[in-house]
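If you want the building blocks of each chain, they are given just below.
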Amino acid sequence: MTKSPSEHTFEDLFVGQKVTFSEKIDESLLVDFAKLSGDFNPLHMDEDYALSTNFEKRVCHGMLLASFFSQLVGMYLPGKNSLYFSQSLNFRNPCFVDDEVIIAGEITEKKSNTRIITIKTTISRGTTIIIDGTAKVIVRE
């Protein structure tokens, strides 16, 4: 079943508004993302190779994690009325298979003249930040 996106209007949104959700990074996500992206780097896909690196286990694709920001914007904040304008990404720490991650967004700015909101975006594992950045989103009428 497909989830229905939230339907926040520009007027509904406010600075400080937050949304969080969690995802478990499992084997099937890594395999599906490798097929979709064409990125079969052995650091992501080959356990023996990954064991020989300083990470000592397979690392999740950074862009797989970053793709959860699309869900954050398109489904939750603001949801249906969103048009993703830009996203900055800072890859801070690795994520591994079987990690549970928290995806979070907080509105930090709202410009009425352009109908653009700025969202601080983060993905974390416990207290460890894995990815952070800033999204700019146009809120359509």
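Residues numbered from 1 in each chain as written. Predicted model: local features only at pLDDT ≥ 70, side-chain atom pairs only at ≥ 80, totals over all residues. Heavy atoms only, no water.

A.B. asks: When you look at the overall build of the protein in this model, what are you seeing that I'm missing?
C.D. replies: Each helix and strand in the protein was counted, giving five helices and six strands. Secondary structure elements in the protein, listed N-terminal to C-terminal, are β-α-α-α-α-α-β-β-β-β-β. Overall, the C-alpha framework of the protein stretches about 55 × 30 × 20 Å when taken along its three principal axes. A buried classification covers 40% of the 141 residues belonging to the protein. (Helix = DSSP H or I, 4+ residues; strand = E, 2+ residues; numbered from the N terminus. Buried < 20%, exposed > 50% of the residue type's maximum accessible area, 1.4 Å probe, protein only.)

A.B. asks: Teacher, can you tell me more about the pattern of salt bridges here?
C.D. replies: Two side chains of opposite charge can pair, provided their charged atoms sit close to one another. Scanning the entire structure with this criterion turns up seven salt bridges. E27 is the salt-bridge partner of R58, the closest N and O atoms lying 2.4 Å from each other. Placement of the pair is R58 in the loop between α3 (47-51) and α4 (62-66) and E27 in helix α1 (residues 27-37), with a sequence separation of 31 residues. A salt bridge links R92 to D132, with the nearest nitrogen and oxygen atoms 3.2 Å apart. Of this pair, R92 sits in the loop between β3 (90-91) and β4 (100-111) while D132 is found in strand β6 (residues 128-139), placing the two residues 40 residues apart along the sequence. Overall, D132 belongs to the buried group, its relative accessible area being 19%. Several salt bridges converge on common partners, so that one network encompasses E27, E47 and R58. (Salt bridge = Lys/Arg side-chain N within 4 Å of Asp/Glu carboxyl O.)

A.B. asks: How should I be thinking about the packing of aromatic side chains in this particular structure?
C.D. replies: For any two aromatic rings, the description comes down to two numbers: the centre-to-centre distance and the angle of the planes. Enumeration over the complete set of coordinates arrives at one aromatic pair. Measuring from centroid to centroid gives 5.1 Å for F21 and Y76, while their planes differ by 35°, and the two rings are tilted. With a gap of 55 residues between them, F21 in strand β1 (residues 18-24) and Y76 in helix α5 (residues 68-76) connect regions that are remote in the sequence. Take F21: its relative accessible area is 11%, and that puts it in the buried class. (Phe/Tyr/Trp six-rings, centres within 6.5 Å; stacked < 30°, edge-to-face > 60°.)

A.B. asks: So what exactly am I meant to see when it comes to the nonpolar core here?
C.D. replies: What tends to happen in soluble globular proteins is that the nonpolar side chains get buried as a cluster. Membership of the largest hydrophobic core comes to 28 residues, with the highest contact counts inside it found for I25, L65, V101, I103, I117 and I119. Mapped by element, the contributors of at least two residues to this core are β1, α1, α4, α5, β4, β5 (116-125) and β6. Once you skip the residues sitting within four places of it in the chain, I25 turns out to touch L30, C60, L65, F68, C95, F96, V97, D98, D99 and V101. (Core = buried A, V, L, I, M, F, W, Y, C linked by side-chain atoms within 4.5 Å. Contact = heavy atoms within 4.5 Å.)

A.B. asks: So what exactly am I meant to see when it comes to α1 here?
C.D. replies: Residues that lie three or four places apart on an α-helix share one face, since the helix turns once every 3.6 residues. Burial in α1 covers these residues: L30, F33 and A34. Across the axial projection of α1, the buried residues extend over an arc of 105°, all falling on one side. Residues of α1 that are exposed and point over 90 degrees away from its buried face: K35 and L36. The secondary structure elements touched by the buried residues of α1 are α2 (42-45) and α4. Once α1 ends, the next one or two residues include G38, with phi positive near 80°. (Arc of directions from axis to C-beta.)

A.B. asks: Teacher, can you tell me more about the pairing of β6 here?
C.D. replies: Within a regular beta strand, the side chains point alternately toward one face of the sheet and then the other, so they alternate between its two faces. As paired strands, strand β2 (residues 82-87) and β6 are joined by five bridges and run antiparallel to one another. Each residue of the ladder has a partner; that of S86, found in β6, is K136. One ladder, built from two bridges, connects β3 with β6; its direction is antiparallel. Residue pairing across strands places N90 opposite D132, the latter belonging to β6. If you look at the hairpin formed by β5 and β6, you'll find two residues sitting between the two strands, and G126 has a positive phi there, around 65°. (Pairing = 2+ DSSP bridges.)

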